[in-house]
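An overview of the molecular structure
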Protein chains: 8
Amino acid sequence: MSKVRPPRIGIIMGSDSDLPVMVAAVKICEDFNIPYTVKVLSAHRNAEGTKRFAASAQKNGIQVIIAGAGGAAHLPGVIASYTTLPVIGVPVLGKATAGLDALLSIVQMPPGVPVAATAINGAKNAALLAVQILAVSDTALARQLLEYKKRLQKQSRDKNRNLAAKITHLLNHETT
Amino acid sequence: MSKVRPPRIGIIMGSDSDLPVMVAAVKICEDFNIPYTVKVLSAHRNAEGTKRFAASAQKNGIQVIIAGAGGAAHLPGVIASYTTLPVIGVPVLGKATAGLDALLSIVQMPPGVPVAATAINGAKNAALLAVQILAVSDTALARQLLEYKKRLQKQSRDKNRNLAAKITHLLNHETT
Amino acid sequence: MSKVRPPRIGIIMGSDSDLPVMVAAVKICEDFNIPYTVKVLSAHRNAEGTKRFAASAQKNGIQVIIAGAGGAAHLPGVIASYTTLPVIGVPVLGKATAGLDALLSIVQMPPGVPVAATAINGAKNAALLAVQILAVSDTALARQLLEYKKRLQKQSRDKNRNLAAKITHLLNHETT
Amino acid sequence: MSKVRPPRIGIIMGSDSDLPVMVAAVKICEDFNIPYTVKVLSAHRNAEGTKRFAASAQKNGIQVIIAGAGGAAHLPGVIASYTTLPVIGVPVLGKATAGLDALLSIVQMPPGVPVAATAINGAKNAALLAVQILAVSDTALARQLLEYKKRLQKQSRDKNRNLAAKITHLLNHETT
Amino acid sequence: MSKVRPPRIGIIMGSDSDLPVMVAAVKICEDFNIPYTVKVLSAHRNAEGTKRFAASAQKNGIQVIIAGAGGAAHLPGVIASYTTLPVIGVPVLGKATAGLDALLSIVQMPPGVPVAATAINGAKNAALLAVQILAVSDTALARQLLEYKKRLQKQSRDKNRNLAAKITHLLNHETT
Amino acid sequence: MSKVRPPRIGIIMGSDSDLPVMVAAVKICEDFNIPYTVKVLSAHRNAEGTKRFAASAQKNGIQVIIAGAGGAAHLPGVIASYTTLPVIGVPVLGKATAGLDALLSIVQMPPGVPVAATAINGAKNAALLAVQILAVSDTALARQLLEYKKRLQKQSRDKNRNLAAKITHLLNHETT
Amino acid sequence: MSKVRPPRIGIIMGSDSDLPVMVAAVKICEDFNIPYTVKVLSAHRNAEGTKRFAASAQKNGIQVIIAGAGGAAHLPGVIASYTTLPVIGVPVLGKATAGLDALLSIVQMPPGVPVAATAINGAKNAALLAVQILAVSDTALARQLLEYKKRLQKQSRDKNRNLAAKITHLLNHETT
Amino acid sequence: MSKVRPPRIGIIMGSDSDLPVMVAAVKICEDFNIPYTVKVLSAHRNAEGTKRFAASAQKNGIQVIIAGAGGAAHLPGVIASYTTLPVIGVPVLGKATAGLDALLSIVQMPPGVPVAATAINGAKNAALLAVQILAVSDTALARQLLEYKKRLQKQSRDKNRNLAAKITHLLNHETT
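Below, the structure is looked at part by part. This is a predicted model, so every value here is computed, not measured. (Residues numbered from 1 in each chain as written. Chains lettered and ligands numbered in written order. Predicted model: local features only at pLDDT ≥ 70, side-chain atom pairs only at ≥ 80, totals over all residues. Heavy atoms only, no water.)

The next point concerns the interface of chain D and chain B. Of the residues lining the interface, 20 residues belong to chain D; the matching set on chain B comes to 18 residues. Between chain D and chain B, the buried area comes to about 1800 Å², and carbon and sulfur atoms account for 71% of it. The interface formed by chain D and chain B contains two salt bridges. With a shortest N-O distance of 3.7 Å, Asp16 of chain D and Lys159 of chain B are connected by a salt bridge. Viewed at the interface, chain B and chain D are joined by four residue pairs in polar contact (both at pLDDT 80 or more). Going through the elements one at a time, α1 (19-32) and β2 (36-40) of chain D are the ones with two or more residues in the side of chain D that touches chain B. In terms of residue count, the dominant contributor to the side of chain D that touches chain B is α1 of chain D (six residues). Broken down by class, the residue content of the side of chain D that touches chain B amounts to nine nonpolar, four polar and seven charged. (Contact = heavy atoms within 4.5 Å. Buried area = accessible area lost by both parts, 1.4 Å probe. Salt bridge = Lys/Arg side-chain N within 4 Å of Asp/Glu carboxyl O. Polar contact = N/O pair within 3.5 Å; in protein donor to acceptor, adjacent residues only side chain to side chain. Helix = DSSP H or I, 4+ residues; strand = E, 2+ residues; numbered from the N terminus. Nonpolar A, V, L, I, M, F, W, Y, C, P; charged D, E, K, R; others polar.)

Turning our eyes to something else, we now look at the relation of the copies chain D and chain B. Note on the identical chains: chain D maps onto chain B by a rotation of 90° and an axial translation of 0.0 Å, with an RMSD of 0.0 Å. On this basis, the relationship between the two copies can be described by a four-fold rotation axis. No C-alpha of chain D lies nearer the rotation axis than that of Ala98 of chain D, which sits 4.3 Å from it. Taken together, the interface assignments show that only 5% of the residues at the interface of chain D recur at the interface of chain B, consistent with different surfaces on the two copies. (Least-squares fit on C-alpha atoms with pLDDT ≥ 70 in both.)

Looking at chain A next to chain E, you find no contact at all, with the nearest C-alpha pair sitting 9 Å apart. Kept free of each other, chain D and chain H leave a smallest C-alpha distance of 9 Å between them.

Residue and element names in this part refer to chain A. Applying the stated criterion across every chain yields a total of eight aromatic pairs over all chains. Each ring, one from Phe32 and one from Tyr148, has its centre 5.5 Å from the other, and the planes form 50°; the classification is tilted. Pair noted here: Phe32 is in helix α1 (residues 19-32) and Tyr148 is in helix α6 (residues 139-158), with a separation of 116 residues, a long-range link. Of the two residues, Phe32 and Tyr148, neither departs from the other in class, the shared state being buried. (Phe/Tyr/Trp six-rings, centres within 6.5 Å; stacked < 30°, edge-to-face > 60°. Buried < 20%, exposed > 50% of the residue type's maximum accessible area, 1.4 Å probe, protein only.)

Taken together, the contacts link 40 residues of chain A with 40 residues of chain H. Together, the buried faces of chain A and chain H total about 3200 Å²; carbon and sulfur atoms form 63% of this surface. Taken together, the links from chain A to chain H amount to zero salt bridges. Linking chain A to chain H there are 16 residue pairs in polar contact (both at pLDDT 80 or more).

For the rest of this paragraph, the subject is the relation of the copies chain A and chain H. Overlaying chain A with chain H gives an RMSD of 0.0 Å, the required rotation being 180° about an axis along which the chain moves by 0.0 Å. Here the copies are linked by what is in effect a two-fold axis. In this assembly, 100% of the residues forming the interface of chain A have copies in chain H that are likewise at the interface, indicating an isologous arrangement.

A word on the pattern of salt bridges. Evaluated as defined, the whole model comprises 56 salt bridges over all chains. For Arg161 of chain E, the salt bridge identified is with Asp158 of chain E, shortest N-O distance 3.5 Å. Taking the relative accessible area as the measure of exposure, Arg161 of chain E reaches 52% and is therefore exposed. One connected set of salt bridges, linked through shared partners, spans Asp16 of chain A together with Lys159 and Lys166 of chain C.

Residues and elements named next belong to chain B. Contact pair helix α5 (residues 123-135) / helix α6 (residues 139-158): the axes reach a minimum separation of 8 Å and the direction vectors enclose 140°. In terms of orientation, α5 and α6 fall into the oblique class. You can see that α5 and α6 cross each other, and the crossing is left-handed. Residues Lys124, Leu128, Val131, Gln132, Leu134 and Ala135 of α5 form the contact with α6, whose own contacting residues are Leu141, Ala142, Leu145 and Tyr148. Along the lines of polarity and charge, the residues of the contact of α5 with α6 split into eight nonpolar, one polar and one charged. (Axes fitted to C-alpha atoms, helices over the stretch in contact; angles between N-to-C directions. Parallel < 35°, antiparallel > 145°, perpendicular 65-115°, else oblique. Left-handed = near helix turned anticlockwise from the far one by under 90°.)

Structure below.
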């Protein structure tokens, strides 16, 4: 998955079952043409591998880490304990507790070791946040973000097209 | 705190602010006369120390680990990732989320790496559970547990003494 | 279900509707070759049977009890009230309250009578915890657990194989 | 506490620390002049005593049981498992989970073994419900309940007296 | 639905969409051969009808009222405000809040006006509780309840039959 | 969608994916024959458009604004920050947190800037509330509301028709 | 409390213990010089009085009703069942469930009978919403609201005065 | 508060009542000697000012924005809607909902507009995250962070000093 250019963003997840959620982060990296790497690293089942990845990320050129996990989602926090790079945590929705388990496990980090939490299943925003972080010192990226924001706005405005037809359809569908 | 005999139970906590809660576990070890050790080990601020403790606990003679933590309480899970000893997690009540953060972070561990969660602030039960675990192969301890259970029952029964007086006092106090 | 050797682990559940969840505990016992017994025992509908099982478990050779239940999941606590063996509680997910009912009913035990709670539907970890407890005084089992932990780590690492292909598939699937 | 007349209502609680909440039930029994008995019976610490009480309540003349408990509040459910008398459960507020632990442990009983849950700390209503249950076949009590309901209504109406003065006081207090 | 004998139990629900849940209460009345009546009465859409039903229930011979409702489930409380009969509330599970809305709306009644809450969707237990209430002064019903309890126990014990086969099936099903 | 008459009610939603929920508000406007306009306006993706709509709503003749949004549902609050018109917020149910995210984001507005929250997915009631607001100074609408209320009551009463048949069907369906 | 002019806003609360919260609504009415009336009306303890108030409010000249209540806060919904006036519900914070009981009981109203929920303890916003509703057809009030909004903005901006001094104080206070 | 050097970090809060929480972010900026500015900006009471700040932050040299707010904490999201700078949100604990309102309002942002959420009251970590973001392209800061991390670890280790004495004190205090 990693490109020839050394990856700037590391996208990590606790299990390959998180991939359908986390792929939205990959998509953003592709769209912004930022080199990235993707790894399955379980904080609990592969603690050594997780530690090794986190402790060496900075010297391997990684600048931001995105970590997605569900349940007692320790992965982002464990990574943050081994690096001073910004770590972004994505709570992945499971079957129980309506997602509060992963959210609280990721967001309630103790003073001294921050993790940036996104929405439950918010992998897309995690990657956008990573791009924003890189853009702090990368004016080309910053320009791309402004364009992205304009496109977002346009897409949002465009959702008003054919609204009347959609409403009529829904009203008829309901009443028939 | 550790006795001359090598400790069989390790009592760990994320911060010394957890000590007023976790001391109840110490008390049980003292009451059952089981050698123990107490350490402050933050999973996030002292990841290396935590790893070292967990990875070497078994060969240092520790047989059960009790870990208390609040917020994104990763400590028990991180310890469990480095040992196959039974790990008991005590969620410590904080100011927000009514204790659900520490509880869910501790209890919702992924398949393969168990942590035994007790009640929020349940350090006493954590230690009793540790004693029960040791008692599986220690008939003297098993006997002590039976006596403890009898004492508990007696104490519960004894709470009926003077109940009428207490009720009268409460009724009068309320009505006056 | 019980083998010729007397069971060391008792796997109990409140209803046979819990079996699809609890079978994961059976699987671990089989994998570790530990004799076990499985019983449906409702704390509320069969209080006498539950009491009898719990009160006689120790003298019947059982060393750890795993109890799964949903809703007002009293089963683990009721069993713990009649034995000093370690009792592991598995909250079973129901339709309402996102699993918080069974979790809180199991984990919030009062001082003096511990229950070890696992994740919601965490029957596999319950059995692994039971194996860890038995392994405290059983070096063969302790060795098996180390091997299991290594296999887990390998399986976790192996999930990185073909990751690029899976990601490409997901990206294409999404964009087409 | 029990009167010379045999008690018709049993008021049970898991610990004497529940007494300040549960005394409101005693007060209602006194007000309606219904004989009652009060006992501390822990489902977990005194399982045998709890069972004995529940199993013999009916033949001892008790007609309704009120049981208050906090945390993993199994007491009402355990009592209900040993009797077919109506059992009313009062969730007692603890420090964690904002009272949801006791509420869910009491209310989420499985089909076949009902418990009637009241509000968190709702001991007064538990006793009024007990009186309503007895009044089903006791016209004198039914009359008393109608009078009680009228008094309630009058008290509620009377809270409008001096309301203007109280409001003026609060407004001045706030603005000064 | 009402039998020739005047109904002793009133089964009320806020909407006919609650019927698939509430029919379990009807089933119990049929099984215990207790005359009952079933009505759809919305506390909010048909306040007058609800009031009229509640205010006249007692003189119409009804002895216990069961009221099921979802969302802001005011129905049981509104009925309780117009009668001194025992009112049993059944929270009906909706799409949002995991059932906490109906549960809290029903159970958190203010002092003076009790409602007996059952489990979310607990219509069967609501009816059993109603039978228990009637049985306080009806020894034939009390005997029926004891038999019911024995049948429950037997059914629970019987769930152990063929357990080994079911487990084997589940294990094979999982591994194949 | 907007009629020839200038719209009196603005129905806004954060995304066109909210339309199947929000169409219930459109339906009420149609039924009460009140001119309205429907727009997709994201508080976050189209902040300028949202501001412009809110700031000019009053001078464009809009009298009440209904805003539906899910997740961190800022839309109603952002609109309320730019207008003194009544703003009604509809929390839209998402996949996580059982709807609590949108509900709390909408309802917990700070002092000074009110938003009127309805039920989760409560678009129909949002529009009825808007009609009630317009009816404060529109006696024709007030009359329509009284008629609507009578129809509601009648519909609720009519749900008792064929109830016996439905119950019999459900009982047979269950028992066969 | 009611002025000589007939009241336009009715401020209702379930108990006089809600007055310290609800007085903030009175304050806004005074500030905007809108005639109002204040009443304690319990939906459960004084159902008749509540019904009478609600059913006659419109013909008594009341145009908006604000109702505050805690726990199973049925008051706003019960009022809404007897009137087509806009009803604003204020959930009052109690000791248990962190305010979710009153919030969900008020906000989760069924289709057909709306209640406008404000924040927990949000009596000030309830009154501001009532003023906004009256302002729909009262240009003088609408102007007052615009001025209020400007004052709010100015007050918010003014909170930046002396901020440096406050921060220095807090920093010194913490470090000393 | 702003230094002579143009601020790189903007610390914003919804109300000056958030200052005791947010001052921890100021402290970190001071400790790392990073120029910053502090402002009270309410998203709802001062929407224009908030917009102006957010829209001009980047060209004013600000590189990261920290925004703290309680209740329906829209401030971070509203700022994020007007800038592509990284925005860090700090949920501030209020009296109700145990902090879930501000947390969910901040964290559950929709795709396209990220906010980085920290723990409830986590202002210190918000500032550390801001420093980490700046350190991505500032090797001096990156070095400072490594030193900070070492100090954290040392402080955590140092909490083991005198632990035995503290435990003895707590044990004696409890038993006397």
